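Survey of secondary and tertiary structure
What follows is the residue order along each chain.
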Amino acid sequence: MHIALNGWFWDTPFTGSGQYVRQLVAALRQIAPALRLTLVMPGTTPDDVPPGVDAVAVRLPFGGQPGKVYFEQRGFPAAVGRLGADIAHVPYWAGPLRSPARLIITVHDVIPLSLPVYQGGIGARLYFSLVSATARGASHLITDSEFSRGEIVARIGVPGDRVTAIPLACAPEFHPRTGAERDPA
């Protein structure tokens, strides 16, 4: 099976979405080494792609929020089609309206729909209308908690059987260690 992952946040590893995509790729390599994984990146391919993971770059005709929307709606799905991927996974709430492969989106939360302070101006409201529509059209959604799952069902209108809560895990460096693992000497 070939999974193409939207790598928009790969180059921002200190953000939640950046950590999520990096830890997801590492975990998938570990638990399912036979999976073919391809990161679809905006602009250029990074130097720190893990062994066994492919990366392809999508040239952006412009930057900023319009460039991000272009990547999400045109660049990423076009690359998925060229790759012949079986699954297109967007590890944050912004999938394409149309995908040539089965579309899986991770929606970490729906705070912009829940709290008016996050709804911003007309541009933000249009963007959240777009990503809500893409979530409704996805084959399946992944979220971080049962609470978020309920919010997605209630606020976006996705049927509950198309949303799975998978709690996040911490990175290996945050796991308890034995005495020998703590003392490198």
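A brief report on the enclosed structure follows. The structure presented is a predicted model; accordingly, all values stated were derived computationally and were not measured.

**Considerations on the side chain of aspartate 144**
Looking at where aspartate 144 falls in the secondary structure, it is placed in the loop between strand S6 (140-143) and helix H5 (146-156). For the buried residue aspartate 144, which engages in no salt bridge, the nearest side chain bearing the opposite charge is arginine 149, 12 Å off. At 2.9 Å, the side chain of aspartate 144 forms a polar contact with the side chain of histidine 108. Leave out the neighbours within four places in its chain, and aspartate 144 touches Thr106, Val107, His108, Ile166, Pro167 and Leu168.

**Overview of the side chain of threonine 134**
With respect to the helices and strands, threonine 134 occurs in helix H4 (residues 122-137). Those residues in contact with threonine 134 that lie beyond four places of it in its chain are Gln73, Ala94, Gly95, Pro96, Leu97 and Ile105.

**Focus on the pattern of salt bridges**
In total, this model carries four salt bridges according to the counting rule given. The salt bridge involving arginine 22 is made with aspartate 48; its shortest N-O contact spans 2.6 Å. A residue pair is termed long-range when its members are at least 10 positions apart, and arginine 22 in helix H1 (residues 16-31) and aspartate 48 in the loop between strand S2 (36-42) and strand S3 (53-58) qualify at 26 residues. With a relative accessible area of 37%, aspartate 48 lands in the partly exposed category. Arginine 36 is paired through a salt bridge with aspartate 54; the nearest N and O atoms lie 3.6 Å apart. With a gap of 18 residues between them, arginine 36 in strand S2 and aspartate 54 in strand S3 connect regions that are remote in the sequence.

**Topic: the packing of aromatic side chains**
Given two aromatic rings, one states the distance between the centres and the angle between the planes to describe the pair. The full count for this structure, using the stated rule, is six aromatic pairs. Ring centres of phenylalanine 62 and tyrosine 70 lie 5.9 Å apart, and the angle between their planes is 70°; this geometry places the pair in the edge-to-face category. Using a relative accessible area of 42% as the deciding quantity, one classes phenylalanine 62 as partly exposed. On the numbers, 5.6 Å between centres and 45° between planes, the contact of tryptophan 93 with phenylalanine 128 is tilted.

**What about the sheet that holds strand S1 (residues 2-6)?**
Ordered by their spatial adjacency, seven strands build an open sheet running S3-S2-S1-S4-S5-S6-S7, and the pairing between neighbours is parallel. Each having just a single partner strand, S3 and strand S7 (163-165) make up the two edges of the open sheet. Averaged over all adjacent pairs, the angle separating strand axes in this sheet is 25°, with direction ignored. Here five bridges tie S1 to S2, and the two strands are oriented parallel to one another. Counted as the bridge partner of leucine 5 is leucine 39 from S2.

**Remarks on a nonpolar patch on the surface**
A surface patch of nonpolar side chains, amounting to about 390 Å² of accessible area, comprises Ile111, Leu115, Val117 and Tyr118. Here tyrosine 118 is to be found in the loop between helix H3 (111-114) and H4. According to the relative accessible area criterion, tyrosine 118 is partly exposed, its value standing at 49%.

Calculation criteria
Residues numbered from 1 in each chain as written. Predicted model: local features only at pLDDT ≥ 70, side-chain atom pairs only at ≥ 80, totals over all residues. Heavy atoms only, no water. Helix = DSSP H or I, 4+ residues; strand = E, 2+ residues; numbered from the N terminus. Buried < 20%, exposed > 50% of the residue type's maximum accessible area, 1.4 Å probe, protein only. Lys, Arg positive; Asp, Glu negative; His and termini not counted. Salt bridge = Lys/Arg side-chain N within 4 Å of Asp/Glu carboxyl O. Polar contact = N/O pair within 3.5 Å; in protein donor to acceptor, adjacent residues only side chain to side chain. Contact = heavy atoms within 4.5 Å. Phe/Tyr/Trp six-rings, centres within 6.5 Å; stacked < 30°, edge-to-face > 60°. Pairing = 2+ DSSP bridges. Axes fitted to C-alpha atoms, helices over the stretch in contact; angles between N-to-C directions. Patch = residues over 30% accessible without salt bridge, like charges linked within 9 Å, V, L, I, M, F, W, Y side chains within 5 Å. Areas by Shrake-Rupley, 256 points an atom, 1.4 Å probe, with all protein chains shown as cover.

Keep in mind that these numbers describe shape and distance, not what the molecule does.
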